[in-house]
Amino acid sequence: MAECSSLQFVSPYAFEAMQKVDVVRLAALSDPELRLLLPCLVRMALCAPADQSQSWAQDKKLILRLLSGVEAVNSIVALLSVDFHALEQDANKEQQLRLKLGGGSGESILVSQLQHGLTLEFEHSDSPRRLRLVLSELLAIMNKVSESNGEFFLKSSELFESPVYLEEAADVLCILQAELPSLLPIVDVAEALLHVKNGAWFLCLLVANVPDSFNEVCRGLIKNGERQDEESIGGRRRTEALRHLCKMNPSQALRVRGMVVEECHLPGLGVALTLDHTKNESSEDGVSDLVCFVSGLLLGTNAKVRTWFGTFIRNGQQRKRENISSVLWQMRRQLLLELMGILPTVRSTHIVEEADVDMDPHVSVYSGLKEEHVVKASALLRLYCALMGIAGLKPTDEEAEQLLQLMTSRPPATPAGVRFVSLSFCMLLAFSTLVSTPEQEQLMVMWLSWMIKEEAYFESISGVSASFGEMLLLVAMYFHSNQLSAIIDLVCSTLGMKIVIKPSSLSRMKTIFTQEIFTEQVVTAHAVRVPVTGNLSANITGFLPIHCIYQLLRSRSFTKHKVSIKDWIYRQLCETTTPLHPQLLPLIDVYINSVLTPASKSNPEATNQPVTEQEILNVFQGLGENARVNQHYSITAQLLVLYYVLSYEEALLANTKTLAAMQRKPKSYSSALMDQIPIKYLIRQAQGLQQELGGLHSALLRLLATNYPHLCIVDDWICEEQITGTDALLRRMLLTNMAKNHSPKQLQDAFSMLSGNHTQLMQILEHLTLLSAGELIPYAEVLTSNMNQLLNAGVPRRVLQTVNKLWMVLNTVMPRRLWVMTVNALQPSVKIIRQQKYTQNDLMIDPLIVLRCDQRVHRCPPLMDITLHMLNGYLLASKAYLNSHLKETAEQDIRPPQNNTMGLEAPEVTREELKNALLAAQDSAAVQILLEICLPTDEEKGQSKEEEDSLLCNLREVQCLICCLLHQMYIADPNIVKLVHFQGYPCELLALTVAGIPSMHICLDFIPELIAQPELEKQIFAIQLLSYLCIQYALPKSLSVARLAINVMGTLLTVLTQSKRYAFFMPTLPCLVSFCQAFPPLYEDIMSLLIQIGQVCASDVATQTRDFDPIITRLQQLKEKPNEVSRLGKDPSYKSGAKDITSLDPDVQLCQCVENTIIEIINMSVSGV
């Protein structure tokens, strides 16, 4: 709206005075300024005020005095004297008439036929007619706007264009809007004024006379505005009008800008208001409002706003005409001026030779950026990245040159300087088109070379661990491995924006990196010299040396160029702390892979070196012996080295076949090394740091469960929960200084006095229970070496239980070493004298050594509990040992066997079967030995005859402990149950095993198979076992198996010889009583079987010419009249008579057994009734 340039607008001073009704400031205005505000002031002076206060009365007098000297006031007073009600009625009639006849009709109720033009009519008219003329013209424009459907038009109107009558027309307009607000809404009037010449001036006067409508008018104009205001004349006029309004009220300019962004309309206005605001800013060193505003639009989270402003940039570049006057051009010019304003003032224009730069590594011939300009420079770089990458801005040659000058400038060594260099480097990668000439390319190469040289200096001075040197290395590695997408991701993540980068645009940069700056050999050699990150943790963000080493390991660069990386990785693992950095575990995994797997089959020796055993031991030095010593290495470093060792061993076993095919056998870590690492102690420490260790704790548990199952026993985890729970905390509160002061030597002295004084030992042991597991470690050797003394008679049970408790606590931190010491301490005295010491390896090969202990342990429940715990652990360890041994010797499967017709799979199957057979034999032997221990000795049998059986005895307690372990073993591998019962064991133990081992119901599955065995002993054992199971588990399945057993017994009766019949039925006939007790429906079948047995025996006797009919007759009577005979069976005389007829003949004895069985069944059934 250049037509308004010669007109006087309302000043911000005058508008503020009107807003606040500051009479003093109004009085200070000049006559021309006051003239623009007369409509409002006159109305204020003449109308009855709502404010009746004394202060307003005084202000009103001042206003009247102020107006008294202005001639134009009279005409405004005349305007206010008109009958506005009649005027509004005529206006409404005219609106209806226009609506009826159409907008083009010349008929008018407000204004009769005009004799002259509007200007002359306005000049000659009185006040009422002037009001009608302006109202008629304004309504006509407003109607046309409503009918235009958003299409802009410029209405020619003499009334609003004549410079002579502009002020009078403005007075009329303001009075009309104030008196007829319903007819002339101020937003609609403002919209209409945009379509006439001088509309912005009229609009400013209108709003200045109604100052409280400022926000309403601005929001209405923005809401009705175009999405892209620079595209049309209407948009530019609207922007200019709003810009004038904001100049009049600058305090609300940023609020109006907020409306623009909220509505996503008139982007040019938002930029223009920002430019106006930037010119008024006093700060020169900080980031300007323009940079902040445009960056916020393009880098904010609102995608709609980003697209809207991006379209404004793209469309603005397509217009060639009026470039200099466009808002976009003004914005670019302002940004360029800001950029040039922070460029180094003294800068050489020629390319400095490399020799000149080397004069001093820390003083550049180029003058660097000032420290106060670095943050602003970084903000400008990000803004230009957003403009070019998101909004599609195409920089001019001047912009590109200045940007390159800024990017290749050298900031001071501060954290902000490190950030600036990283941004500059990523911008060069993202927009390589900025480098177009050979001179510019040489400038860029020199700057990159400077980056490489200065990286260590920057890191040491700025104190920032994540420096740009690592980013350079990382990009170089990505270029060498052609991972262009990874470079693009890296650039986008550093810049903090998602921009489209074509991989083809990186081709020139790739050539520069791989051939001129960073050859692959230079990359690997440089990477090893990069210092490790001190106290590496997840709190250190950015690109670190660990990222570079990880990528180089993945691409196998170190092995390709024979660069040793082992020491660097070891140092970095030792320099770690919590929270765990997420790149550490992938680094260890890829390093292990590079140690075991060659880079190529053609060069099988091209692998990295593993960490030495001594280096591993150094990390854990002193940890096992004394946990109270301050460790040089953090717990994070120790856990990472443990993870490395376990993962290395697992990967070595997994790749044994592949390595054997390549004729490679990497070194495995010795078992002696593994024995010295306190694995369980470290796992327990990791359990309390799960949140800070990320996935390390779960990864270690997985490795343990696979390779060290004896360290993952469920009972141990439950025991640990009890040790580390609330009770333990309460015990710690009771810990006295006396308890802390007991030394291992004092404990040894107390053990040596055990035979004569139990009190001192008991007191020390009780104090030791208050210590934590780690604090108990120094006492472990004394405690275990004296366990043999606890087997002597007279040792109090409380001492034994306390020792058991302390042993279980120590088991949570040092189980393997503790087990070896305990096994050696509990050996029989003969072996102790011979000083026969077992090692961890001996016990894993033969777990049954644990049970070859002193026989007195078998009747000492607290020590037997420890023994069973160790046995279970070593059985699991033996399985893992044999599995690993099978994998270690897998190369035997690759060698083709001689004279093998079964194919290549036969050796593997055979070795696997042999291993399974060995484990089954081992487990079953352990079970059989434990069952033998459950049998009472001759001495215990004699005691039980003399006195009543007592459940409160050592034998009973040991039996319970053994049954618990057997239950766990049976559940873990049901095949053991089958194997043990096919082997058989003393029938005296059946009552104990069935009642004490809950998993014995498994036997119901294989008893039919056991009964079908040809050996008579196994058939007898099966029926005896079934009788106890039926009583314990009266289930439908038990009933069906019992029927089967009865049928088998009936069948065997017909085929067995006399001697075998006697041997079979004598132990099995009492089982029939249990069948009847459990399942009464079997009564008929069992009685029939018993009668049948008696008849067979009678027939055999008859052949020997003996009269046996009385016995058969008695059996028939027993079956037919059980109630009478039940009374007879209870008669002592009957029993004595039965004894008298006892014979040595097997058949006679069998018949008597049948008779006794029937009597027991009858008595049982009668008593049950």
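Worth saying up front: this structure is predicted, and the values here are computed from it rather than measured. (Residues numbered from 1 in each chain as written. Predicted model: local features only at pLDDT ≥ 70, side-chain atom pairs only at ≥ 80, totals over all residues. Heavy atoms only, no water.)

Visitor: Break down the overall build of the protein for me, citing the residues and quoting the values.
Guide: Scanning the protein from terminus to terminus reveals 67 helices and 0 strands. Expressed as a percentage of the 1169 residues in the protein, the buried residues total 52%. Excluding contacts between residues fewer than 6 apart, the proportion of contacts in the protein whose partners are at least 24 apart in sequence is 75%. If you sum the accessible surface of the protein, you get close to 53,500 Å²; carbon and sulfur atoms cover 53% of it. (Helix = DSSP H or I, 4+ residues; strand = E, 2+ residues; numbered from the N terminus. Buried < 20%, exposed > 50% of the residue type's maximum accessible area, 1.4 Å probe, protein only. Contact = heavy atoms within 4.5 Å. Areas by Shrake-Rupley, 256 points an atom, 1.4 Å probe, with all protein chains shown as cover.)

Visitor: Lay out the state of the cysteines in plain terms, naming residues and giving numbers.
Guide: Applying the stated criterion across every chain yields a total of 0 disulfides. Of the cysteine sulfurs around C934, a residue in no disulfide, the closest is that of C963, at 5.6 Å. Judged by relative accessible area, C963 falls into the buried class, the value being 4%. (Disulfide = S-S within 2.5 Å.)

Visitor: Break down the packing of helix α18 (residues 289-299) against helix α22 (residues 374-389) for me, with residues and values.
Guide: Two elements in contact, α18 and α22, have axes separated by 10 Å at closest approach and are oriented at 45 degrees. Judged on the interaxial angle alone, α22 and α18 are oblique. In terms of crossing hand, the pair formed by α18 and α22 is left-handed. Contact residues: V291, V294, S295, L298 and L299 in α18; A379, L380, R382, L383, A386 and L387 in α22. (Axes fitted to C-alpha atoms, helices over the stretch in contact; angles between N-to-C directions. Parallel < 35°, antiparallel > 145°, perpendicular 65-115°, else oblique. Left-handed = near helix turned anticlockwise from the far one by under 90°.)

Visitor: Quick one: what's the story with the pattern of salt bridges, residue by residue and with numbers?
Guide: The full count for this structure, using the stated rule, is 29 salt bridges. Between R219 and E263 there is a salt bridge, with the nearest N and O atoms lying 3.8 Å from each other. One end of the pair, R219, is in helix α14 (residues 214-223); the other, E263, is in helix α16 (residues 253-263), and 44 residues separate them in sequence. Its relative accessible area of 32% is what places R219 among the partly exposed residues. One salt bridge in this structure joins D1085 and R1043, with 3.7 Å as the shortest N-O distance. Of this pair, D1085 sits in helix α63 (residues 1083-1102) while R1043 sits in helix α61 (residues 1036-1055); the two residues are 42 residues apart in sequence, bridging distant segments of the chain. The class of D1085 is partly exposed, set by a relative accessible area of 37%. Via salt bridges that share partners, E16, K20 and R25 belong to a single interconnected network. (Salt bridge = Lys/Arg side-chain N within 4 Å of Asp/Glu carboxyl O.)

Visitor: Give me the lowdown on the packing of aromatic side chains, citing residues and values where you can.
Guide: Taken as a whole and judged by the stated rule, the model has 12 aromatic pairs. Their ring planes at 40 degrees and their centres at 5.9 Å tell us that Y644 and Y648 sit as a pair that is tilted. Linking Y644 with Y648, this pair stays in helix α35 (residues 635-654), spanning 4 residues, or about one helical turn. Y644 sits in the buried class, given a relative accessible area of 2%. Taken together, Y591, Y644, Y648 and Y669 form an aromatic cluster joined through their ring pairs. (Phe/Tyr/Trp six-rings, centres within 6.5 Å; stacked < 30°, edge-to-face > 60°.)

Visitor: Kindly report on the confidence of the model for the protein, identifying the contributing residues and their values.
Guide: Looking at the protein, pLDDT values average 81 and 83% of them are 70 or higher. Confidence over residues 624-630 falls short of pLDDT 50; this stretch has 11 contacts with residues more than four positions distant or in other chains. This stretch, residues 1125-1142, has a pLDDT under 50; its non-local contacts, to residues over four places away or in other chains, come to 18 contacts. (pLDDT = per-residue confidence, 0-100.)

Visitor: Please provide a residue-by-residue account of a nonpolar patch on the surface, values included.
Guide: Taken together, the side chains of F152, L154 and I233 present a nonpolar region at the surface, about 290 Å² in accessible area. Mapping L154 onto the fold places it in the loop between α9 (127-147) and α10 (158-161). (Patch = residues over 30% accessible without salt bridge, like charges linked within 9 Å, V, L, I, M, F, W, Y side chains within 5 Å.)

Visitor: Break down the packing of α22 against helix α23 (residues 397-407) for me, with residues and values.
Guide: Interhelical geometry of α22 versus α23 gives an angle of 140 degrees and a closest axis separation of 11 Å. Relative to α23, α22 is oriented oblique. Crossing geometry of α22 relative to α23 is assigned as left-handed. For the pair formed by α22 and α23, the contact residues are A377, L381, Y384 and M388 on the first element and E399, L403, L406 and M407 on the second.

Visitor: Help me get a handle on the environment of L299, residues and values and all.
Guide: Within the secondary structure layout, L299 lies in helix α18. Ignoring any residue separated from it by four or fewer positions in sequence, one finds L299 in contact with R382, A386, I390 and M497.

Visitor: Any details on helix α20 (residues 327-342)? Residues and values, ideally.
Guide: Helix length check: α20, at 16 residues, gives a terminal C-alpha distance of 23 Å against a target of 22 Å (1.5 Å per residue), a fit within 8%. Among all positions of α20, only V327, L328, M331, R332, L335, L336, E338, L339 and I342 are buried. Tucked into the core, α20 has its buried residues touching α17 (267-279), α18, α19 (303-318), α22 and α23. (Expected span 1.5 Å × (residues − 1).)

Visitor: Give me the lowdown on the environment of Q1032, citing residues and values where you can.
Guide: Along the chain, Q1032 turns up in helix α60 (residues 1016-1032). Taking the relative accessible area as the measure of exposure, Q1032 reaches 40% and is therefore partly exposed. For the pair Q1032 and A1078, spaced 46 residues apart in the sequence, the C-alpha separation amounts to 8.6 Å.

Visitor: Lay out unusual backbone geometry in plain terms, naming residues and giving numbers.
Guide: Across the junction of T578 and P579, the peptide omega takes the value -5 degrees, indicating a cis bond. As for its placement among the helices and strands, P579 is situated in the loop between α32 (566-574) and α33 (584-596). Unusually for a residue other than glycine, L266 sits at a positive phi of about 55 degrees. Here L266 is to be found in the loop between α16 and α17. L266 gets classed as buried once you look at its relative accessible area, which sits at 0%. Of note in the backbone geometry, N535 takes a positive phi value of approximately 50 degrees without being a glycine. Among the secondary structure elements, N535 is positioned in the loop between α29 (520-529) and α30 (545-554).

Visitor: Break down the nonpolar core for me, citing the residues and quoting the values.
Guide: Buried together is how nonpolar side chains tend to be arranged in soluble globular proteins. L245 and F1075 are the most contacted members of the largest nonpolar core, which totals 372 residues. In contact with L245, other than residues within four places in its own chain, are L203, C204, V207, F214, V217, C218 and L221. (Core = buried A, V, L, I, M, F, W, Y, C linked by side-chain atoms within 4.5 Å.)

Visitor: Now, about the environment of L62: what can you tell me, with residues and values included?
Guide: Within the fold, L62 resides in helix α5 (residues 54-67). With relative accessibility at 36%, the residue L62 sits in the partly exposed group. Along the backbone, L62 and A27 are 35 residues apart, and their C-alpha atoms lie at a distance of 8.3 Å.

Visitor: Go over the side chain of D289, please, and point to the residues and values.
Guide: The topology assignment puts D289 in helix α18. Of the polar contacts made by the side chain of D289, one reaches the side chain of R257; its length is 2.7 Å. (Polar contact = N/O pair within 3.5 Å; in protein donor to acceptor, adjacent residues only side chain to side chain.)

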